[in-house]
Amino acid sequence: MKKLFRKMEGRSGIHFVYLFVLAYTILALMWWGVLLFNQSEQITRFEIQNLVLRTDSIAHPVEFHQELERIQSTEERRSVMFFSEGLIFLAIILLGGFFVYRSIWKQMRLSQQQQNFMMAVTHELKSPIAAAKLNLETLRKHKLDDEKRLKLLDNTIRETNRLDQLCNNILLASQMEAQRYQLFREDIDFSDLLETGIREMQSRISTHTIQAHILPDVWINGDKFMLQILLSNLVENAVKYAPKHTVIDVTLKECSGSALKLMVTDEGPGIPEDERERIFLKFYRIGNENTRKAKGSGLGLFLSRKIVQQHGGTIVVKDNVPAGASFEITWPVYSIQRV
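Residues numbered from 1 in each chain as written. Predicted model: local features only at pLDDT ≥ 70, side-chain atom pairs only at ≥ 80, totals over all residues. Heavy atoms only, no water.

S.K.: Explain the overall build of the chain residue by residue, including any values.
M.R.: In terms of helices and strands, the chain carries six helices and eight strands. When the helices and strands of the chain are read in sequence order from the N terminus, they spell out α-α-α-β-α-β-β-α-β-β-α-β-β-β. Looking at the 339 residues of the chain, the share that counts as buried comes to 35%. With the model as given, the accessible surface of the chain reaches about 21,200 Å², and the carbon-plus-sulfur share is 60%. (Helix = DSSP H or I, 4+ residues; strand = E, 2+ residues; numbered from the N terminus. Buried < 20%, exposed > 50% of the residue type's maximum accessible area, 1.4 Å probe, protein only. Areas by Shrake-Rupley, 256 points an atom, 1.4 Å probe, with all protein chains shown as cover.)

In structure tokens:
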């Protein structure tokens, strides 16, 4: 709580300083505008006094009125110039202030997300390392029967796979941000890839049941490694938020217009509508890192959208009836090759 209050105080302080500087700049502009208008009036009075002193208004009424109109017209032009330039400067200040504030706000949000990421990834790294270390120390210190030994080895492999997935996500996110990752495209039996991936995940996930409804013999042209990461990230995300002993459904089917649709649905709390775009942002996670129960790095869904976009598809989040979330990925018809 103390850290949270310090963060809020820090943000409030930055906002106060920024608004103070912006308000001071606007007030200074208005003050200089008032001074310029006063100066213009003084110049006009001085010119009229000189005109009266050097011209006989009775003897030369036409010349006097012409010169007087010229002086007044000059003052009007000055006033219009001062007013228009003031408005332009005010618009520039407000526009610049808006972009500066937006840049500061984005930087603060990115900094907060990066801090959340560091807190989350520290936990995500320490947990599998600690579990694997404990399992290995147990195997070294104790003579166990074959069943217990195999169980510990399976747990160790599961934790190292979790660690490997996290490292892959971090490396891929960095490469995609720098646009250095190039897809290795090949013709893939997508149906077999999904079925194999689901069997492998079900073997190491005992808390949920993964049901598969896969359209057989569907081939696509894509990156096998990236598509495996896509499936793993979506299922792992469902596992994190769905209650234990519930069903996670993975469906591959043809939809209207012969497009290919992959759906991963769960029975969790669902995703609010105002969060359904932000969850795909890098490092973004719903809630606060200190209060949320489900741990994660905030990279899984970011990578999922990137992978889908690189393969020419779209991904959206919808409500699962009666409860939960449904991630739906659609590929256009030209990527389907049925055999």
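S.K.: Quick one: what's the story with the packing of aromatic side chains, residue by residue and with numbers?
M.R.: Each aromatic ring pair is described using two quantities: the centre-to-centre distance and the angle formed by the ring planes. Summed over the entire model, instances satisfying the criterion amount to four aromatic pairs. Note on Phe 190 and Trp 331: the rings are 5.6 Å apart at their centroids and 85 degrees apart in plane angle, and the pair reads as edge-to-face. Here Phe 190, found in helix H4 (residues 190-204), pairs with Trp 331, found in strand S7 (residues 325-331); they are 141 residues apart in sequence, far enough to count as distant. For the pair Phe 190 and Trp 331, a shared accessibility class is recorded, and that class is buried. (Phe/Tyr/Trp six-rings, centres within 6.5 Å; stacked < 30°, edge-to-face > 60°.)

S.K.: If you had to explain the pattern of salt bridges to someone new, which residues and values would you point to?
M.R.: If you walk through the whole model with that rule in mind, you get eight salt bridges. Here the residues in one salt-bridge network are Lys 261, Lys 318 and Glu 328, joined through shared partners. (Salt bridge = Lys/Arg side-chain N within 4 Å of Asp/Glu carboxyl O.)

S.K.: How would you summarise the packing of H4 against helix H5 (residues 224-241) if you had to cite specific residues and measurements?
M.R.: Viewed as axis vectors pointing N to C, H4 and H5 meet at an angle of 45 degrees, and their least axial separation amounts to 10 Å. As the angle between them shows, H4 and H5 are arranged oblique. Crossing geometry of H4 relative to H5 is assigned as right-handed. Residue-level inspection shows Phe 190, Leu 193, Leu 194, Gly 197, Ile 198, Met 201 and Arg 204 of H4 in contact with H5, the latter providing Lys 224, Leu 227, Gln 228, Leu 231, Ser 232, Val 235 and Glu 236. Taken together, the residues that form the contact of H4 with H5 break down as eight nonpolar, three polar and three charged. (Axes fitted to C-alpha atoms, helices over the stretch in contact; angles between N-to-C directions. Parallel < 35°, antiparallel > 145°, perpendicular 65-115°, else oblique. Left-handed = near helix turned anticlockwise from the far one by under 90°. Contact = heavy atoms within 4.5 Å. Nonpolar A, V, L, I, M, F, W, Y, C, P; charged D, E, K, R; others polar.)

S.K.: Please give an account of the confidence of the model for the chain that cites residues and values.
M.R.: Fine structural detail should not be taken from predicted coordinates in areas where pLDDT scores are low. Mean pLDDT over the chain works out to 79, with 83% of the residues at or above the 70 mark. When the criterion is pLDDT under 50, residues 1-5 qualifies, and its contacts beyond four places in sequence or with other chains add up to zero contacts. (pLDDT = per-residue confidence, 0-100.)

S.K.: Give me the lowdown on the environment of Ala 131, citing residues and values where you can.
M.R.: Inspection of the secondary structure assignment puts Ala 131 in helix H2 (residues 61-141). According to the relative accessible area criterion, Ala 131 is partly exposed, its value standing at 24%. Measuring from C-alpha to C-alpha, the distance between Ala 131 and Leu 152 comes to 9.8 Å, with 21 residues separating the pair along the chain.

S.K.: Tell me about the sheet that holds S7, residues and numbers included.
M.R.: Pairing is mixed in the open sheet, where five strands are placed in the order S2-S4-S5-S7-S6. The open sheet has two free edges, formed respectively by strand S2 (209-214) and strand S6 (314-319), since each of these has just one partner strand. Going across the sheet, the axis of each strand differs from the next one's by a mean of 15 degrees, ignoring polarity. Sheet analysis places S2 next to strand S4 (residues 247-254), joined by six bridges and oriented parallel. (Pairing = 2+ DSSP bridges.)

S.K.: A description of the side chain of Asp 249 should follow, citing residues and the corresponding values.
M.R.: If you trace the backbone, Asp 249 turns up in strand S4. Within polar-contact distance, the side chain of Asp 249 engages the side chain of Thr 251 at 2.5 Å. In this structure Asp 249 touches Gln 211, His 213, Met 263, Val 264 and Thr 265, once residues within four positions along its chain are discounted. (Polar contact = N/O pair within 3.5 Å; in protein donor to acceptor, adjacent residues only side chain to side chain.)

S.K.: Tell me about the environment of Ala 212, residues and numbers included.
M.R.: With respect to the secondary-structure elements, Ala 212 resides in strand S2. Of the residues examined, Ala 212 reaches a relative accessible area of 38% and is grouped as partly exposed. Each C-alpha atom, one on Ala 212 and one on Ile 198, is 7.4 Å from the other, the two residues being 14 residues apart in sequence. Residues contacting Ala 212, with those up to four places away along its chain left out, are Ile 198 and Val 250.

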